[in-house]
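Residue-level structural notes
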Amino acid sequence: MVKHLKTWEQRVDYSLLLPVFFLLVMGFLSVYVATLADYPDRLGNVLLLQGLWLLLGILSAFVVMFFNTKFLWKATPWFYILGLGTMFLPLFFYSPSLYAATGAKNWVTINNITLYQPSEFMKIAYILALARVTVTFQKKRKSKELVEDWKLLGLYVLITLPVLALLAAQKDLGTALVFIAILAGVTVLSGVSWKILLPIILSVFLLIAAFIALFSWEQGREWLFHMGMDTYQINRISAWLDPFAYATGIAYQQTQGLISIGSGGLFGKGFNVAELSVPVRESDMIFTVIGENFGFIGSALVLGCYLWLFYRMLRITLESNNRFYTVIAVGFIMMILFHVFENVGAALGILPLTGIPLPFISQGGSSLISNLIGVGLILSMAYHNNLNR
């Protein structure tokens, strides 16, 4: 007989919420330090907005936590269509100044008021769409032949291409990489044969190596520019490959971030210290605030918190016998994992800057709310796991 859990204590997985809570607190403190140092006259407004976004995100997670499989299954196509529709908005409603500074039209701006980034919410809709397609295909699969794997990959392409096309129109390469990371995780989970995956993976690595070799050649950079590669993208990659050669120009943000993190030492300089100028440290470079204020120990604790969160999400996923929720969880884990990997990697100079925020920590409402909605989905999954015990 199925047992029904109705109390709050039985619904909530506190071991999942604890690392999220710690990261949110660290985020609020880091945004406070960054804003006070760079925009002291806007401190009150920034913290008020961040607090409102946090409350809206918590409310969204609370609502999503009560969604059941039947509702999510039926609503998924509508979420996907709505998400695609909203991604057209930044192409028409954008800030010229923001576009000039970042090279991307990924934020909806009306009357000089930046509202939100549709692609952040599209990530959740995309994960749900992949999950529904995967489960539907696996139920109808006729054999284990490779042709069936190719059919599934074809369906994934049909779902992914419209999203990537809109991101290309927005010139938002960083976010496009997040969607590719989500797709990669779901594809591996779906059971597609390694006879197909291995050649694809090897081809991707060869293309990356060939691109870096071409980019390292001056004539190669000129050729890429004439082929349509934007100047800001060329500058970002140049700054990544040899940051200190461009320390006073295109790599200023990168080098200042590296120096800021290094200056924190083992224990950091203490709370509310921002001695170096680091552009956009309230969002894209928020990890530099953590490194400078709390040092190696504080940075390691933050990364340890992410590891704890990944562990808890994986445990919940492994305990689930609901394939739809399992694919959703893997997609969300890949989304958060790639965000952390890219943001921290860029701050440490391991990867080029792409403008990807650090989950639960960076300033910004769209990313924060989207991440908390994902947490709500995992909490819903944990609840349904308990129902079937």
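Numbering of residues begins from 1 in every chain and follows the order in which that chain's sequence is written. pLDDT decides what is reported in this predicted model: residues at 70 or higher carry local features, side-chain atom pairs at 80 or more are listed and counted, and totals for whole chains, interfaces and linings draw on all residues regardless. Side-chain numbers come from the whole structure's heavy atoms, not from hydrogens or water.

1. Looking at the overall build of the protein chain
Heads up, the condition is: Put simply, DSSP marks the helices as runs of H or I at least four residues long and the strands as runs of E at least two long, and each gets a number from the N terminus on. Computation of the radius of gyration draws on C-alpha atoms alone. For the globule rule, the value is 2.2 Å times the number of residues to the power 0.38. The classification of residues rests on relative accessible area computed with a 1.4 Å probe and restricted to protein chains. Under 20% of the type maximum is buried, over 50% is exposed, and intermediate values are partly exposed. Methods summary: accessible areas were calculated by the Shrake-Rupley approach with a probe of 1.4 Å, and residue burial reflects only the protein chains presented. When charges are counted, neither His nor the chain ends are considered; positive counts come from Lys and Arg and negative counts from Asp and Glu. Taken as the charge centre is NZ of Lys, CZ of Arg, CG of Asp or CD of Glu, depending on the residue.
Of the regular secondary structure elements, the protein chain holds 16 helices and two strands. Taking 2.2 N^0.38 as the reference for a compact globule, 389 residues should give roughly 21 Å; the C-alpha atoms of the protein chain span a radius of gyration of 21 Å, in line with that estimate. Each of the three principal axes of the protein chain carries a C-alpha extent, and together these read 65 × 50 × 45 Å. Taking all 389 residues of the protein chain together, 50% fall into the buried category. Accessible surface, the protein chain as shown: approximately 19,000 Å² in total, 70% of it carbon and sulfur. Charge separation in the protein chain, taken as the distance between the mean sites of 25 positive and 19 negative side-chain charges, equals 17 Å.

2. Describing helix H15 (residues 323-347)
Rules: To estimate how far a helix should extend, the number of its residues minus one is multiplied by 1.5 Å. Any N or O atom pair separated by 3.5 Å or less is treated as a polar contact, with the protein-specific requirement of one donor-capable and one acceptor-capable atom, and with residues adjacent in sequence counted only for side-chain atom pairs.
The end-to-end C-alpha distance of H15, which contains 25 residues, comes to 36 Å, matching closely the 36 Å that a straight helix rising 1.5 Å per residue would cover. Among the 25 residues of H15, 21 are classified as buried, and the element is accordingly described as predominantly covered. One side-chain oxygen of the residue at the start of H15 lies 3.0 Å from the amide nitrogen of Phe-324, identifying that residue as Asn-322. Remark: Gly-349 follows H15 within two positions and exhibits a positive phi of approximately 85°.

3. Some details on the pattern of salt bridges
Note the following rule: One side-chain nitrogen of Lys or Arg within 4 Å of one carboxyl oxygen of Asp or Glu is enough to make a salt bridge.
What the rule picks out here adds up to seven salt bridges. Between Arg-281 and Asp-38 there is a salt bridge, with the nearest N and O atoms lying 2.8 Å from each other. Here Arg-281 is found in the loop between helix H13 (252-263) and helix H14 (286-319), whereas its partner Asp-38 is found in helix H2 (residues 14-38), with 243 residues between them in sequence. Linking Glu-319 and Arg-315 is a salt bridge whose minimum nitrogen-to-oxygen distance equals 3.4 Å. In this pair, Glu-319 and Arg-315 are both assigned in helix H14, four residues apart and thus about one turn of the helix distant.

4. Examining a nonpolar patch on the surface
The cut-off we apply is this: Candidates for patches are residues over 30% relative accessible area with no salt bridge; among them, like charges are joined within 9 Å and nonpolar side chains (Val, Leu, Ile, Met, Phe, Trp, Tyr) within 5 Å.
Taken together, the side chains of Leu-146, Trp-150, Ile-200, Val-204, Ile-208, Phe-211, Ile-212 and Leu-241 define a hydrophobic patch exposed on the protein surface, amounting to about 660 Å² of accessible area. By residue number, the principal contributor to the nonpolar patch is helix H10 (residues 194-215), which donates five residues. Its location among the elements puts Val-204 in helix H10.

5. Details of unusual backbone geometry
If you check the backbone angles, Val-280 has positive phi at about 55° while not being a glycine. In this fold, Val-280 is placed in the loop between H13 and H14. A relative accessible area of 32% means that Val-280 is categorised as partly exposed. With a phi angle near 70°, Phe-360 is a residue other than glycine that sits in the positive phi range. Topologically, Phe-360 is positioned in the loop between H15 and helix H16 (365-387). Judged by relative accessible area, which is 4%, Phe-360 ranks as buried.

6. As for the nonpolar core
Operational definition: To define a nonpolar core, start from buried Ala, Val, Leu, Ile, Met, Phe, Trp, Tyr and Cys residues and group those joined through side-chain atoms within 4.5 Å. We call two residues in contact whenever any of their non-hydrogen atoms come within 4.5 Å of each other.
Membership of the largest hydrophobic core comes to 88 residues, with the highest contact counts inside it found for Met-122, Tyr-126, Val-163, Tyr-306, Phe-332, Phe-360 and Ile-361. With residues up to four places along the chain from it excluded, the contact list for Met-122 reads Tyr-80, Gly-83, Leu-84, Met-87, Val-163 and Phe-179. Residues Leu-224, Met-229, Ile-234 and Ile-237 belong to the second largest nonpolar core, which totals five residues.

7. Topic: the packing of aromatic side chains
Cut-off, in case you're wondering: Here a pair means two rings of Phe, Tyr or Trp (six-membered ring of Trp) with centres within 6.5 Å. Their orientation is stacked below 30 degrees between planes, edge-to-face above 60, and tilted elsewhere.
For the structure on display, the rule yields nine aromatic pairs. With centroids separated by 5.1 Å and ring planes inclined at 75°, the aromatic side chains of Trp-73 and Phe-324 adopt a geometry described as edge-to-face. Residue Trp-73 is found in helix H4 (residues 69-86), and its partner Phe-324 is found in helix H15; the two are separated by 251 residues along the sequence. Overall, the relative accessible area of 23% leaves Trp-73 in the partly exposed class. For Phe-324, a relative accessible area of 3% corresponds to the buried category. Relative to Phe-215, the ring of Phe-211 has its centre 5.9 Å away and its plane inclined at 35°; by these criteria the two rings are tilted.

8. Comments concerning the packing of helix H8 (residues 146-170) against helix H9 (residues 173-189)
We count it as follows: Orientation is described by axes fitted as lines to C-alpha atoms, over the contacting stretch for helices, and by angles from 0 to 180 degrees between their N-to-C directions. By definition in this entry, angles of less than 35 degrees are roughly parallel, angles greater than 145 are roughly antiparallel, angles of 65 to 115 are roughly perpendicular, and the rest are oblique. Charged residues are taken to be Asp, Glu, Lys and Arg, nonpolar residues to be Ala, Val, Leu, Ile, Met, Phe, Trp, Tyr, Cys and Pro, and polar residues to be all remaining types, Gly included.
As a packed pair, H8 and H9 sit with axes 10 Å apart at the nearest point and diverge in direction by 170°. The angle between the axes of H8 and H9 places the two elements in the roughly antiparallel class. Contacts from Leu-153, Tyr-156, Thr-160, Val-163, Leu-164 and Leu-167 in H8 reach Thr-175, Ala-176, Phe-179, Leu-183, Val-186 and Thr-187 in H9. Of the residues belonging to the contact of H8 with H9, the class tally is nine nonpolar, three polar and no charged.

These figures come from the coordinates and say nothing about function on their own.
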